[in-house]
Amino acid sequence: SEGRFMELNQSNVYECKFCQAGKEFFSITQSCNDCDAGKYQGRNDLRGSVCKFCEIGRYYNETYMPCENCTIGYFQPSNTEFNAKCKYCDKGRYGNEYGMQVELSSNPIVPGCRVCIKGKWQDAFAEPKCKSCGAGKFSLKAGLTSADGCDGKCSQGKFSEVAVTADDQCTLCPTGRWSNEEGLTRRDFCRVCGPGRYNPYEGRKERCDFCPKGKFLNSRCGSEKDHSSVASCTVCGEDRYQDELGQ
């Protein structure tokens, strides 16, 4: 029968047989040949069996076993390579899929190593994810190989309690607070307006506005809500006056 070879059995009768795993068909009158080292044929029931190279994304195991998927953090780009082996994703990149096929992929459909985005970095090979720059910081470049590149900071009037990828992802200091410092990592680090001052705007970089003449605001330990608008300033009582700003 086509794709099988003939061999005498114990009863001295010829019968057609499939090639065993690890071998490939040669002719109907001759036994199957062993696969060359670095190729495989993993079935015992295939007509006209042929030894093959490993497919992309897979690595060579034995001549008689199917190739296996590269593990997470590794890729294999060839389907014409003897004894195919997986290669690791480089620093500044990550790989979180099995059977990755290319050294670098920006296509979500194509499995491969991917560049760490802005705000992340990776200093090791074959890693499944990148590390974050940290609260209040971000990176201006993608593909960082160390935390030294996390030189972007939340600008004045902003903060971030989590890692971000750009300044516009930092959170504005709320009304009643302000900050002229960079890289704040907590909301509490935005300063509450002092006595006699208020701020109705988010993200303020300069000191808060003075209460107008005829009003005062003496909250020394209050929250931002006590300094969030000009209405926070109290009108002077009967028979009293205030001719200075910021009282």
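Residues numbered from 1 in each chain as written. Predicted model: local features only at pLDDT ≥ 70, side-chain atom pairs only at ≥ 80, totals over all residues. Heavy atoms only, no water.

1. With respect to the overall build of the chain
Part 1 of the argument: Scanning the chain from terminus to terminus reveals zero helices and 22 strands.
Part 2 of the argument: Across the 247 residues in the chain, those meeting the buried criterion constitute 33%.
Part 3 of the argument: Considering only contacts in the chain between residues 6 or more positions apart, those separated by 24 or more positions represent 45%.
Part 4 of the argument: Per element, the accessible surface of the chain, about 14,700 Å² overall, is 47% carbon and sulfur. (Helix = DSSP H or I, 4+ residues; strand = E, 2+ residues; numbered from the N terminus. Buried < 20%, exposed > 50% of the residue type's maximum accessible area, 1.4 Å probe, protein only. Contact = heavy atoms within 4.5 Å. Areas by Shrake-Rupley, 256 points an atom, 1.4 Å probe, with all protein chains shown as cover.)

2. Comments concerning the nonpolar core
Part 1 of the argument: Residues Tyr 40, Cys 54, Tyr 60, Cys 67 and Ala 84 constitute the largest nonpolar core, which totals five residues.
Part 2 of the argument: Dropping the residues within four chain positions of it, Tyr 60 is found in contact with Ala 37, Gly 38, Lys 39, Cys 54, Cys 67, Asn 83 and Ala 84. (Core = buried A, V, L, I, M, F, W, Y, C linked by side-chain atoms within 4.5 Å.)

3. As for the side chain of Arg 204
Part 1 of the argument: Tracing the sequence through the fold places Arg 204 in the loop between β19 (197-198) and β20 (209-210).
Part 2 of the argument: Taking the relative accessible area as the measure of exposure, Arg 204 reaches 12% and is therefore buried.
Part 3 of the argument: Within the structure, the side chain of Arg 204 is placed 3.3 Å from the side chain of Asn 199, a separation counted as a polar contact.
Part 4 of the argument: From its side chain, Arg 204 meets the backbone oxygen of Glu 206 in a polar contact 3.2 Å long.
Part 5 of the argument: Once residues lying within four places of it in the same chain are set aside, the contact partners of Arg 204 are Gly 157, Arg 177, Trp 178, Ser 179, Asn 199 and Asp 209. (Polar contact = N/O pair within 3.5 Å; in protein donor to acceptor, adjacent residues only side chain to side chain.)

4. As for the packing of aromatic side chains
Part 1 of the argument: Applying the stated criterion to the full structure yields two aromatic pairs.
Part 2 of the argument: Measuring from ring centre to ring centre gives 4.9 Å for Phe 53 and Phe 82, while their planes differ by 75 degrees; the resulting arrangement is edge-to-face. Here the residue Phe 53 occupies a position in the loop between β4 (33-34) and β5 (58-59), and Phe 82 occupies one in the loop between β7 (74-75) and β8 (87-88), the gap between them amounting to 29 residues.
Part 3 of the argument: Exposure remark for Phe 53: the relative accessible area of 23% places this residue in the partly exposed category. (Phe/Tyr/Trp six-rings, centres within 6.5 Å; stacked < 30°, edge-to-face > 60°.)

5. Quick word on the state of the cysteines
Put plainly, two cysteines are in a disulfide when a covalent bond ties their sulfur atoms together.
Part 1 of the argument: Applying the stated rule across the entire model yields eleven disulfides.
Part 2 of the argument: A sulfur-sulfur separation of 2.1 Å characterises the disulfide bridge that pairs Cys 154 with Cys 170. Given an S-S torsion of about -80 degrees, the disulfide between Cys 154 and Cys 170 has left-handed geometry. Taken together, the positions of Cys 154 in the loop between β14 (152-153) and β15 (158-159) and Cys 170 in the loop between β15 and β16 (171-172) put the pair 16 residues apart, joining distant regions of the chain. (Disulfide = S-S within 2.5 Å.)

6. Details of unusual backbone geometry
Part 1 of the argument: Positioned with a positive phi, Asn 83 is a non-glycine residue whose angle comes to about 50 degrees.
Part 2 of the argument: Secondary-structure assignment places Asn 83 in the loop between β7 and β8.
Part 3 of the argument: Unusually for a residue other than glycine, Ala 126 sits at a positive phi of about 55 degrees.
Part 4 of the argument: Summarising the element assignment, Ala 126 is placed in the loop between β11 (120-121) and β12 (131-132).

7. Topic: the confidence of the model for the chain
Part 1 of the argument: Mean pLDDT over the chain: 84, with 86% of residues reaching 70 or higher.
Part 2 of the argument: Mean pLDDT in the chain bottoms out at strand β1 (residues 5-8), which sits at 48, and peaks at strand β9 (residues 93-94), which reaches 98. (pLDDT = per-residue confidence, 0-100.)

8. Thoughts on the side chain of Ser 160
Part 1 of the argument: Structurally, the position occupied by Ser 160 is in the loop between β15 and β16.
Part 2 of the argument: Separated by 2.5 Å, the side chain of Ser 160 and the backbone oxygen of Val 162 make a polar contact.
Part 3 of the argument: Ignoring sequence-local partners within four residues, the contact set of Ser 160 consists of Ala 135, Gly 136, Cys 154, Cys 170, Leu 184 and Thr 185.

9. Describing the environment of Leu 217
Part 1 of the argument: Mapped onto the fold, Leu 217 is located in the loop between β21 (215-216) and β22 (234-235).
Part 2 of the argument: Here the alpha-carbon distance between Leu 217 and Ala 231, two residues 14 residues apart in the chain, equals 9.9 Å.

10. Describing the pattern of salt bridges
Part 1 of the argument: All told, the structure shown has nine salt bridges when counted by the stated rule.
Part 2 of the argument: As a salt-bridge pair, Asp 188 and Arg 186 come within 3.0 Å of each other at their nearest N and O atoms.
Part 3 of the argument: Classification of Asp 188 as partly exposed rests on a relative accessible area of 47%.
Part 4 of the argument: Judged by relative accessible area, which is 39%, Arg 186 ranks as partly exposed. (Salt bridge = Lys/Arg side-chain N within 4 Å of Asp/Glu carboxyl O.)

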